[in-house]
Amino acid sequence: MRKTIILYFMPKIFSVLLFFILGFTQAQTPEKLNASEIHQEIKKLNFLGSVLYVGAHPDDENTRLISYFANKKKARVAYLSLTRGDGGQNLIGPELQEQLGLIRTHELLAARKIDGGEQIFTRAKDFGYSKNPDETLKIWDKNKVLSDVVLAIRKFKPDVIINRFDHRSPGSTHGHHTSSALLSLEAFELAADSSAFPEQLNSTAAFQPKRAFFNTSHWFYGSREAFEEADKSAMLSLDVGVYFPELGLSNSEIAALSRSQHQSQGFGSTGTRGTSNEYLELIKGEMPESDVFEGIDTSWNRIEGGREIGDILKKVETEFNFRDPSQSLPELVKAYKLIQELENEHWREVKTNQIKDIIAASSGLFLEAAAETPSVTAGEKVSLNLEAINRSSYPVTLNSVELSPNNSRLQVGQSLKNNQSWVSELDFHLPESTKNTTPYWLQKESTNGMYLVEDSEMIGLPKTPVETQATFRMDFNGTEIEFNRPVIYKYNDAVVGETYRPFMIIPEVSVSFEKDVEIFELNEPRSISVVIKAGRDNLKGSLRLESGKNWKTLPESADFRIDQKGGTAILTFEIIPPDDQDETFIRPVAKIGEKEYTDELIQIDYKHIPLQNLVMPAKLKAVRIEIQKKGEYIGYIDGAGDAVPQSLEQIGYRVEQVDPAEISDNSLSKFDAVVTGIRAYNVVDELKFAQKHLLEYVKNGGNLIVQYNTSRGMLVDNPAPFPLQISRDRVTDERAEVSFLDKNHPVLNKPNKITENDFKNWVQERGLYFPDQWSEEFAPILSMKDKGEEPTQGSLLVAKYGDGYFIYTGLSFFRQFPEGVPGAYRLFANMVSIGKE
């Protein structure tokens, strides 16, 4: 059986306090374990048991259980998230879909760094809310996702699987949730069947987990009272509120720190202390009395040749010197050599990685390869600063340093004396074949439900493996051990000090538009700018635009020259739209010599996750819309984050951001309409005090448009001037038929005649959190439903109030506008225009 790359993110230790206190600068900083943490890692080295926790999305995981098994039981724990959360919403920025999925991927990795777990994914794409597993599995391609779950089990080899969701409740919760449980249980059986997905057996082996549980709680019973009365004979109760004196934290406090990494979803959590129970309901396997690992040998004795290793490492654990961890090195090195002789490939690989980290930490070994620039292009040369230091009296020699991907080697042969640094410089020549730094799952265009991953060895990985690495070959008193370190970039920040960033491979040239969508409300030419950014010095070439047959771009080609790396050139082209409603993608093509470049380089930079590079095909969606509007000036109150203001500006509105703290009876009269952003009444505290002024604005002739909010966490009793009850009703099928309840209502006729064509090509969903009850003052405008359900009529409600209009809508304009959906713009223009005939 051939050896494969390590499949999953494997944290060395959670280092909770340091991570939390120092924040984002430590998200990319090499871990430096203290004696207490080294001892904890030795305990984990002596435990040969594993748990796989399975859910559908980032933030579905129970961090209390993951931390409990990792840090109390010392087990190897992984969270298998079937998706990357692309279909969610973003509370910290404008990124949605694939870019949001990238953010949430690294939020999961940040969480696992704290709670001690590992992270795995499938190729399934989060396409938004789904009401039942049948729909979910049809859109996902069930067989491929099932294959990925089977692969995860065969690779990770969990003794125990724990599902976050109940497989017996289809239709009562998110279809992704139920699907994750159904696929997990099916994979539980198939993973041991060599006839299932046999191609996987070229790189792994069939495996049968011992047990499968459902992580149940009162949430699944409707109330705490109902759960207290439930039959718990098939449940294990675990007290996960344990305290770790060596860390000064309770398990629940660690879990809260972990969960708080989901910043894009607003999941900041406060830690708790004291006894806290979690319940596991047995679904498959034999019921244990008190321990999920009951009947499973989790000692070194479980593998052939492990007894001697266990004896050595048990002595290391019990005789550990907290003042001088290097005293354990002779026995650790002896155990390392024996681990290399194990026939069991799985445990040999897992335990080799663990013990190498412990040996490095026990010797105070610091190894680093730092590039002098943050990025280069394929084929370029960069200077690396190499450093190695042994901070122990144990005899260590640096034999050599080897760089990949070009495999150049620096022979060293120097003994590393206690606390004396070895430093050197080495030129790193990147081969022309070196790939750009970008997420592997976004390198090919995806379907609505699945990412396309051509390299099967990548499936399951949380992120693209670092291609640029330095391998330090060390001799520990006669035993050679290799340590791989990614090439990094670091600099000194005047405020925070030493700051680490990933070293990136970037395109020679990247091209981008200033906008993702350009809306043409008239058939008049418009100038657009194309930004060209140089990945190297002395860049000279030409740029042309490609578009659909009904569109024209001028000039046909334009030349550019950029002298310095990182510099930009901005070229202006004229886009001539057709007379009639139409849309196209405009794609830039930069030509340098004989090479053509069409990709955009996107950087995502937030403090709680590492800097991310995303290289994707550059394109601008150009849409010619036949649209009319009344009123020009809109006041916008930001909510949880959307691009609606910028989108409204695209069709000629003047939009002003309104500070809710400054709202008064007279401050809004200048606006033709005031619009609140999505979930504004859930997240903007000032609206509690501004609400009376908003309603007074309507009463005096204004037009207030309130986009969706959730009933949970509303900051006001009612955002409307009349009784209105927000529900969880939603229509998830973006193609669902839409009926007009009052075809003569002004919002459907003036100034744009709305037809069924205006509801074509919507994306992800029709809308969400529709009201299900309202007073007679409201006129429901639209009726729609998902398959097999009763129609809902609360997606768009209009009420006259005084001399103005109040409109409440759960329609997903915030998703449609960035995609340039013409009908969404036309309908919203009517909403702004109402009463202005």
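Residues numbered from 1 in each chain as written. Predicted model: local features only at pLDDT ≥ 70, side-chain atom pairs only at ≥ 80, totals over all residues. Heavy atoms only, no water.

Undergrad: Residue-level account of the pattern of salt bridges, with values.
TA: Scanning the entire structure with this criterion turns up 42 salt bridges. A salt bridge links Lys-284 to Glu-189; the nearest nitrogen and oxygen atoms lie 3.0 Å apart. Of this pair, Lys-284 sits in strand 9 (residues 277–284) while Glu-189 sits in helix 7 (residues 175–190); the two residues are 95 residues apart in sequence, bridging distant segments of the chain. Its salt-bridge partner being Arg-561, residue Asp-563 comes within 3.1 Å of it at the nearest N-O pair. On the basis of relative accessibility, which here comes to 55%, the residue Arg-561 falls in the exposed class. Each member of the salt-bridge network shares a partner with another, and the members are Glu-402, Arg-409, Arg-473 and Glu-482. (Salt bridge = Lys/Arg side-chain N within 4 Å of Asp/Glu carboxyl O. Helix = DSSP H or I, 4+ residues; strand = E, 2+ residues; numbered from the N terminus. Buried < 20%, exposed > 50% of the residue type's maximum accessible area, 1.4 Å probe, protein only.)

Undergrad: Summarise the packing of helix 2 (residues 35–45) against helix 12 (residues 345–362); cite the residues concerned and give the values.
TA: Viewed as axis vectors pointing N to C, helix 2 and helix 12 meet at an angle of 160°, and their least axial separation amounts to 10 Å. One element, helix 2, and the other, helix 12, form an angle in the roughly antiparallel class. When the axes of helix 2 and helix 12 are compared, the crossing they make is left-handed. Residue-level contacts link Ile-38, Glu-41, Ile-42, Lys-44 and Leu-45 of helix 2 to Lys-351, Gln-354, Ile-355, Ile-358, Ala-361 and Ser-362 of helix 12. Each residue belonging to the contact of helix 2 with helix 12 can be placed in one class, and the counts come to 6 nonpolar, 2 polar and 3 charged. (Axes fitted to C-alpha atoms, helices over the stretch in contact; angles between N-to-C directions. Parallel < 35°, antiparallel > 145°, perpendicular 65-115°, else oblique. Left-handed = near helix turned anticlockwise from the far one by under 90°. Contact = heavy atoms within 4.5 Å. Nonpolar A, V, L, I, M, F, W, Y, C, P; charged D, E, K, R; others polar.)

Undergrad: Can you explain a nonpolar patch on the surface? Please cite residues and give values.
TA: A cluster of nonpolar side chains, Trp-219, Phe-220 and Tyr-221, forms an exposed patch at the surface whose accessible area comes to about 350 Å². With respect to the helices and strands, the residue Tyr-221 is situated in the loop between strand 5 (211–216) and helix 8 (224–229). (Patch = residues over 30% accessible without salt bridge, like charges linked within 9 Å, V, L, I, M, F, W, Y side chains within 5 Å. Areas by Shrake-Rupley, 256 points an atom, 1.4 Å probe, with all protein chains shown as cover.)

Undergrad: So what about the nonpolar core? Which residues, and what values?
TA: Judged by nonpolar contacts, the single largest core of 77 residues is most densely connected at Leu-694, Leu-782, Leu-796, Phe-828 and Met-831. Counting residues in each nonpolar core, the second largest holds 56 residues, with Ile-303, Leu-338, Ile-339 and Tyr-394 among its members. (Core = buried A, V, L, I, M, F, W, Y, C linked by side-chain atoms within 4.5 Å.)

Undergrad: For the packing of aromatic side chains, give the residues involved together with the corresponding values.
TA: Following the criterion strictly, the structure yields 26 aromatic pairs and no others. When the ring of Phe-740 is compared with that of Phe-759, the centres are 6.2 Å apart and the planes differ by 55°; the resulting orientation is tilted. On the criterion of sequence distance, the pair formed by Phe-740 in strand 38 (residues 738–740) and Phe-759 in the loop between strand 38 and strand 39 (767–774) is long-range, its members being 19 residues apart. Summarising the aromatic geometry, the rings of Phe-778 and Phe-806 are spaced 6.2 Å apart at their centres and angled 70° between planes, so their arrangement reads as edge-to-face. Of the two residues, Phe-778 sits in strand 40 (residues 778–780) while Phe-806 sits in strand 43 (residues 804–809), which places them 28 residues apart along the sequence. On the accessibility criterion, Phe-778 (5% relative accessible area) is buried. One aromatic cluster in this structure is built from Phe-740, Phe-759, Trp-762, Phe-813, Phe-817, Tyr-825 and Phe-828. Against the face of Phe-227 rests Lys-232, its NZ or CZ located 4.5 Å from the ring centre. Here the basic side chain of Lys-356 rests over the ring of Phe-483, its NZ or CZ set 5.9 Å away from the ring centre. (Phe/Tyr/Trp six-rings, centres within 6.5 Å; stacked < 30°, edge-to-face > 60°. Lys NZ or Arg CZ within 6 Å of the ring centre and 35° of its normal.)

Undergrad: Pulling in residues and values, what's your account of the sheet that holds strand 14 (residues 408–416)?
TA: Pairing within the open sheet is antiparallel, and its 4 strands lie in the order 14-13-16-17. Looking at the sheet topology across the chains shown, the edges are occupied by strand 14 and strand 17 (479–486). Between one strand axis and the next, the sheet turns through 20° on average, direction left out of account. On the sheet, helix 11 (residues 329–339) packs against strand 16 (469–476) and strand 17 and is oriented at approximately 85° with respect to strand 17. The sheet contacts of helix 12 involve strand 16 and strand 17, and relative to strand 17 the element is tilted by about 90°. (Pairing = 2+ DSSP bridges.)

Undergrad: Report on the side chain of Arg-815, specifying residues and quantitative values.
TA: Position of Arg-815 among the secondary structure elements: in helix 16 (residues 813–816). In this structure Arg-815 comes out as buried when scored by relative accessible area, which is 7%. Excluding anything up to four places from it in sequence, Arg-815 contacts Gly-87, Gly-88, Gln-89, Val-763, Gln-764 and Glu-765.

Undergrad: Please set out the pairing of strand 18 (residues 488–493) residue by residue, giving values where relevant.
TA: When strand 10 (residues 366–371) meets strand 18, the two strands line up parallel, connected through 2 bridges. In the strand pairing of strand 18, Ala-371 is matched with Tyr-489. Pairing of strand 18 with strand 19 (residues 497–502), which is carried by 6 bridges, proceeds in the antiparallel orientation. Along strand 19, the bridge assignment pairs Tyr-489 with Arg-501. Hairpin connection of strand 18 to strand 19: 3 residues between the antiparallel strands.

Interpretation in functional terms is not warranted from these geometric data alone.
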